[in-house]
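This is what each chain is made of:
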Amino acid sequence: MTAIPETFSYAAALACARCGRPYPIHQIQQFADCCQQPLLVQYDWEPGFCKEDLLFREKTMWRYFEALPVSERKHIISLGEGMTPLFQLSSLGSEQDFADLWMKDESGNPTGSFKARGMSVAISKAKELGIHRCIVPTAGNAGGALAAYCAKAGMECTVVMPRHTPSVFKDECRLYGANLVLVDGLISDCAKKVGEVNREKDWFDLSTLKEPYRLEGKKTMGYELAEQFNWQLPDYILYPAGGGTGLIGIWKAFKEMLSAGWLAPGTSLPKMIAVQSMECAPLVRAFYQPQQWKQGFQPQPSIANGLAVPYPFGMDMMLEVLQQSGGLAMAVSESAIKKALQQVARQEGLLISPEGAATWAALLQLRNAGHIDPGARIVLLNTGSGYKYLENLQ
Ligand SMILES: Cc1ncc(COP(=O)(O)O)c(C=O)c1O
Ligand SMILES: [Zn+2]
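How each quantity is defined
- Residues numbered from 1 in each chain as written.
- Chains lettered and ligands numbered in written order.
- Predicted model: local features only at pLDDT ≥ 70, side-chain atom pairs only at ≥ 80, totals over all residues.
- Heavy atoms only, no water.
- Pairing = 2+ DSSP bridges.
- Helix = DSSP H or I, 4+ residues; strand = E, 2+ residues; numbered from the N terminus.
- Axes fitted to C-alpha atoms, helices over the stretch in contact; angles between N-to-C directions.
- Contact = heavy atoms within 4.5 Å.
- Parallel < 35°, antiparallel > 145°, perpendicular 65-115°, else oblique.
- Domains from an automatic or database assignment.
- Buried area = accessible area lost by both parts, 1.4 Å probe.
- Salt bridge = Lys/Arg side-chain N within 4 Å of Asp/Glu carboxyl O.
- Polar contact = N/O pair within 3.5 Å; in protein donor to acceptor, adjacent residues only side chain to side chain.
- 1 Å grid on protein atoms, 1.4 Å probe; cavity = no way out; pocket = protein on both sides within 12 Å on 5 of 7 lines; lining within 4 Å.
- Points joined across faces, edges and corners; volume = space filled by probe spheres on them.
- Nonpolar A, V, L, I, M, F, W, Y, C, P; charged D, E, K, R; others polar.
- Buried < 20%, exposed > 50% of the residue type's maximum accessible area, 1.4 Å probe, protein only.
- Donors = N, O, S within 2.8 Å, 3.2 Å for Na, K, Ca; no water.
- Tetrahedral: all angles 85-135°; square planar, octahedral: opposite > 155°, others 65-115°.

**Student:** Mind showing me how you'd approach the sheet that holds strand β5 (residues 100-105) here?
**Tutor:** Backbone-to-backbone hydrogen bonds join strands into a sheet, with any given pair of strands oriented parallel or antiparallel. Pairing in this open sheet of six strands is mixed, and the strands run β4-β5-β13-β10-β11-β12 from one edge to the other. With one partner strand each, in any of the chains shown, β4 (86-88) and β12 (328-332) form the two edges of the open sheet. On average, each strand axis in the sheet is inclined to that of its neighbour by 25 degrees, with strand direction left out of account. As judged from the three bridges shared by β4 and β5, these two strands associate in the antiparallel manner. Looking at β5, one finds that L86 is bridged to K104. Most of the contacts of helix α11 (residues 354-368) go to β12, to which it runs at about 105 degrees, and overall it touches β5, β10 (236-240), β11 (271-277), β12 and β13 (377-382).

**Student:** I'm lost on the sheet that holds strand β9 (residues 204-205) in this one. Help?
**Tutor:** Strand order in this open sheet of four strands is β8-β7-β6-β9, and the pairing throughout is parallel. Among the strands making up the open sheet, the edge pair consists of β8 (179-183) and β9. By the bridge criterion, five bridges tie strand β7 (residues 156-162) to β8 in an arrangement that is parallel. Each residue of the ladder has a partner; that of V160, found in β8, is V181. Helix-sheet contacts for helix α5 (residues 187-200) involve β6 (133-137), β7, β8 and β9, and the interaxial angle to β6 is about 150 degrees.

**Student:** Looking at this model, I keep getting lost on the packing of helix α10 (residues 334-348) against α11. Mind explaining?
**Tutor:** The description of two helices packed together rests on the angle between their axes and the distance between the axes. One way to put it is that α10 packs onto α11 with a least axis distance of 8 Å and a crossing angle of 100 degrees. Between α10 and α11, the angle is such that the two are roughly perpendicular. Taken together, the residues of α11 that come into contact with α10 (itself represented by A336, I337, A340, L341, Q343 and V344) are P354, A357, A358, W360, A361, L364 and Q365.

**Student:** Where do I start with the domain arrangement of the protein chain in this structure?
**Tutor:** Per the domain assignment, the segments making up the protein chain are domain 1 (11-75), domain 2 (86-111 + 215-393) and domain 3 (115-205). Look at where the C-alpha atoms of domain 2 and domain 3 centre, and you get two points 24 Å apart. Contact with domain 2, which involves 24 residues of that partner, is made by 22 residues of domain 3. For the pairing of domain 2 and domain 3, the buried interface totals around 1,800 Å² over both sides, and the portion due to carbon and sulfur atoms is 59%. It is T111, N305 and K388 that lose the most area in domain 2 upon contact with domain 3, and together they represent 34% of the buried surface on that side. Remark: the boundary between domain 2 and domain 3 carries three salt bridges. A salt bridge links E224 to R117, with the nearest nitrogen and oxygen atoms 2.7 Å apart. There are seven residue pairs in polar contact (both at pLDDT 80 or more) connecting domain 2 and domain 3. Those elements that place two or more of their residues in the side of domain 2 that touches domain 3 are α6 (214-228) and α12 (390-393).

**Student:** Explain the layout of surface pockets to me, please; I cannot follow it from the model alone.
**Tutor:** Over the atoms a probe the size of a water molecule is rolled, and this reveals where empty space is left. By volume, the largest pocket amounts to about 680 Å³. Along the wall of the largest pocket there are 45 residues; nearest its centre are P137, I187, T208, G243 and V309. Contributing elements (two or more residues each) for the lining of the largest pocket: α3 (141-153), α5, α6 and β10. Of all the elements, α5 adds the most residues to the lining of the largest pocket, at six residues. Along the lines of polarity and charge, the residues of the lining of the largest pocket split into 19 nonpolar, 19 polar and seven charged. Its boundaries defined by the atoms lining it, the second largest pocket holds a volume of some 500 Å³.

**Student:** Can you walk me through the pattern of salt bridges in this structure?
**Tutor:** Think of it this way: side chains of opposite charge can pair up when their charged atoms draw near. On inspection of all chains with the given rule, the structure shows 20 salt bridges. With a shortest N-O distance of 2.8 Å, E172 and K388 are connected by a salt bridge. Taken as a pair, E172 in helix α4 (residues 167-175) and K388 in the loop between β13 and α12 lie far apart in primary sequence, 216 residues in all. The pair formed by E172 and K388 is uniform in burial state, with each residue classed as buried. Through salt bridges with shared partners, a single network forms among K104, E106, R117 and E224.

**Student:** I tried to follow the coordination of the zinc ion (ligand 2) on my own but got confused; where do I start?
**Tutor:** Tetrahedral coordination by four donors sets the ideal angle at the metal to 109.5 degrees; octahedral coordination by six donors sets it to 90 or 180 degrees. The protein atoms that coordinate the zinc ion (ligand 2) are C16 (SG), C19 (SG), C34 (SG) and C35 (SG), at distances spanning 2.3 to 2.4 Å. Taken together, the four donor atoms surrounding the zinc ion (ligand 2) define angles of 101 to 120 degrees at the centre, an arrangement classified as tetrahedral. Considered as a linear motif, the donors of the zinc ion (ligand 2) on their single chain read C-x2-C-x14-C-C. With a gap of 18 residues between them, C16 in strand β1 (residues 11-16) and C34 in the loop between β2 (22-23) and β3 (39-43) connect regions that are remote in the sequence.

Written out as structure tokens, the structure reads:
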């Protein structure tokens, strides 16, 4: 057994996602000014960290410590996130003739969503860099997660959230001691508000992909999928995309594992299918009409709060993942999301988030259109718990 080292990270550098320009990793960073793109952490794993090391490690995402950017274990702020279950959806699968259908269920994470992964890494790194005050625009789950990790880290936290978000999302932020600011509009309006606040305050901005480390937490979903499937990857992953951190992160994980030799050379990577709501589907528009996607775009709120992200900062990176993987983007209706959520609850005993339910609705549409092989190994990503959305589901 190889214990997790106390101090160590193979994190070598930060680089602009578009042009590769290096940025110092030991300083506080937001995004790459050169191309107005996210910053990516690059690792050098020579020598030493191998997948056999994982056998006896803790059952949280921190088992991948060497693949994460925190230099000292004492700076880790953890609430037990990650290593979430992978369920075979046998009832839905056999009813709808899918031979090998799975759900990676993120609902058991602290604060009830996969946002815990990103915030755990980002707040750990923020602590390591001496940051005391954080702010985030959110569709709901990221705000609750940031509030909880800031509480654990003893940091101050401000969360800016659309007023129409279900009350649980607001209540949890207040209970964790965050300062909650409500805005009429979508997350893009909340982001503007963060910009206004920060003209005076200069608090650390944890907006999606505008700092480098939430992505690192989210990528651990890719490591877990590979480990849980015994280092074989599925044929398709359906992911509910808003800002895109999970989509980009999972793909980053696959590439890192390939270059580290954790996946056999020539392993074919999954086709990544990004799912959005018809109420707000910028990625679908950009995927099919890259030049004119903003024309006539009128984003609306969705029951799947997290998908209503009108102008994602990581748009180019999301499109790149779809292209590189041979995947696609598609939108589903609000009624299809609600129906899918009920089906998964009744047949699988899982009360999943509307965002996660959107992936089941999307899979049925893809199969009916003949775009997916029902015999393939398919993973749906349920990104959060349905319990937080109940007031919108009645
Ligand atoms: C439950 C849930 N699913 C999916 C998303 C979209 O996540 P990402 O930013 O990784 O695309 C969100 C974001 O708020 C969310 O809360
Ligand atoms: Zn650049």
